[in-house]
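Here is how the chains run, residue by residue.
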Amino acid sequence: MLGRLNHVAIAVRDAKSAAKIYGVAFGAQISDAVPLPEHGVITVFAILPNTKIEFIEPFGADSPIQKFVDRNPDGGIHHVCYEVPDIIAARDTLIKEGARVLGDGNPRIGAHGKPVLFLHPKDFSGALVEIEQA
Ligand code: CO
């Protein structure tokens, strides 16, 4: 049921400038900055051969990552995202096994136009986990 590591997300004050070093020093391909008002973030991706690094920057007045960035002004790892073949089946199994799904439990459309859910960090060794339908 667990698929590829889709991305590791790093929350920062300025996503474009955070991604820059990956382009100039590692030669990674860097995406444009994309505002996602419904998620309260601006995203920039560094594309690696086997996964992506997603830089997220607070966007709007009540961004869900604002507190995290306030606590980590130099940036920090915010979440990891795993692909699953069927997000509803994955959610139901996770709940059955005692994991907590954040929000109302219904998948939302994430940064790649695919359904995503977030899982409680306390159930995953302190790491916020996102699952995305592959
Ligand atoms: Co993500």
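Note: the structure precedes this text.
To keep things clear, this report deals only with the structure shown in the data block.

Definitions and limits used
- Residues numbered from 1 in each chain as written.
- Predicted model: local features only at pLDDT ≥ 70, side-chain atom pairs only at ≥ 80, totals over all residues.
- Heavy atoms only, no water.
- Donors = N, O, S within 2.8 Å, 3.2 Å for Na, K, Ca; no water.
- Tetrahedral: all angles 85-135°; square planar, octahedral: opposite > 155°, others 65-115°.
- Helix = DSSP H or I, 4+ residues; strand = E, 2+ residues; numbered from the N terminus.
- Phe/Tyr/Trp six-rings, centres within 6.5 Å; stacked < 30°, edge-to-face > 60°.
- Buried < 20%, exposed > 50% of the residue type's maximum accessible area, 1.4 Å probe, protein only.
- Salt bridge = Lys/Arg side-chain N within 4 Å of Asp/Glu carboxyl O.
- Core = buried A, V, L, I, M, F, W, Y, C linked by side-chain atoms within 4.5 Å.
- Contact = heavy atoms within 4.5 Å.
- Polar contact = N/O pair within 3.5 Å; in protein donor to acceptor, adjacent residues only side chain to side chain.
- Pairing = 2+ DSSP bridges.
- Arc of directions from axis to C-beta.

A few points about the coordination of the cobalt ion
Inference 1: Protein-derived ligands of the cobalt ion are His7 (NE2), Glu54 (OE), His79 (NE2) and Glu130 (OE), with the metal-ligand distances lying across 2.1 to 2.6 Å.
Inference 2: Every donor counted, the 4 donor atoms about the cobalt ion form angles of 85 to 175 degrees at the centre, which fits irregular coordination.
Inference 3: In the primary structure, the donors to the cobalt ion are separated according to the pattern H-x46-E-x24-H-x50-E. Of this pair, Glu54 sits in strand β5 (residues 52-58) while His79 sits in strand β6 (residues 76-84); the two residues are 25 residues apart in sequence, bridging distant segments of the chain.

Let's talk about the packing of aromatic side chains
Inference 1: For the structure shown, the criterion picks out 2 aromatic pairs.
Inference 2: For the pair Tyr22 and Phe26, a centre-to-centre distance of 5.6 Å together with 65 degrees between the ring planes defines the contact as edge-to-face.
Inference 3: Overall, Tyr22 belongs to the partly exposed group, its relative accessible area being 21%.
Inference 4: On the numbers, 5.3 Å between centres and 70 degrees between planes, the contact of Tyr22 with Phe55 is edge-to-face.

Quick look at the pattern of salt bridges
Inference 1: Under the counting rule described, the total for this entry stands at 4 salt bridges.
Inference 2: Here Asp92 makes a salt bridge to Arg91, at a shortest N to O gap of 3.1 Å.
Inference 3: In this structure, Asp123 engages Arg100 in a salt bridge whose closest nitrogen and oxygen atoms are separated by 3.0 Å. Here Arg100 lies in the loop between α3 (87-96) and β7 (108-109) and Asp123 lies in the loop between β8 (115-119) and β9 (129-133), a separation of 23 residues in the sequence.
Inference 4: Its relative accessible area of 41% is what places Arg100 among the partly exposed residues.

Considerations on the nonpolar core
Inference 1: Ranked by size, the top nonpolar core spans 21 residues in total, and within it Ile53, Phe55, Leu119 and Ile131 carry the most contacts.
Inference 2: Of all the secondary-structure elements, those providing two or more residues to this core are β1 (5-11), α1 (15-24), β4 (41-47), β5, β6, α3, β8 and β9.
Inference 3: If we ignore the near neighbours within four places in the chain, the residues touching Ile53 are Val8, Ile10, Tyr22, Val44, Phe45, Ala46 and Leu48.
Inference 4: Ala9, Ala11, Ile56 and Ile65 belong to the second largest nonpolar core, which has 8 residues in total.

Focus: the side chain of Ser63
Inference 1: By the element assignment, Ser63 lies in the loop between β5 and α2 (66-71).
Inference 2: Within the structure, the side chain of Ser63 is placed 2.6 Å from the backbone oxygen of Gly40, a separation counted as a polar contact.
Inference 3: Ignoring sequence-local partners within four residues, the contact set of Ser63 consists of Gly40, Val41 and Pro58.

Here's the deal with the environment of Leu119
Inference 1: With respect to the helices, strands and loops of the structure, Leu119 is situated in strand β8.
Inference 2: For Leu119 and Glu130, which are 11 residues apart along the polypeptide, the C-alpha to C-alpha distance reads 6.3 Å.
Inference 3: Ignoring sequence-local partners within four residues, the contact set of Leu119 consists of Leu94, Arg100, Val101, Leu102, Phe124, Leu128, Val129 and Ile131.

Side note on the pairing of β1
Inference 1: Counting buried positions along β1 yields 6 of 7 residues, so the element is predominantly enclosed.
Inference 2: With 6 bridges connecting them, β1 and β6 associate as antiparallel partners. Paired with Leu5 across the two strands is Tyr82, which belongs to β6.

Here we look at α3
Inference 1: Along α3, the residues classified as buried are Ile87, Ala90, Arg91 and Leu94. Around the axis of α3, the buried residues are gathered within 100 degrees of arc, so they sit on the same side.
Inference 2: Of the surrounding secondary structure, the elements contacted by the buried residues of α3 are β6, β8 and β9.
Inference 3: Measuring from the side-chain oxygen of the N-cap residue of α3 to the backbone nitrogen of Ile88 gives 3.1 Å; that N-cap residue is Asp86.
Inference 4: Just beyond α3, the residue with positive phi is Gly98, at close to 95 degrees.

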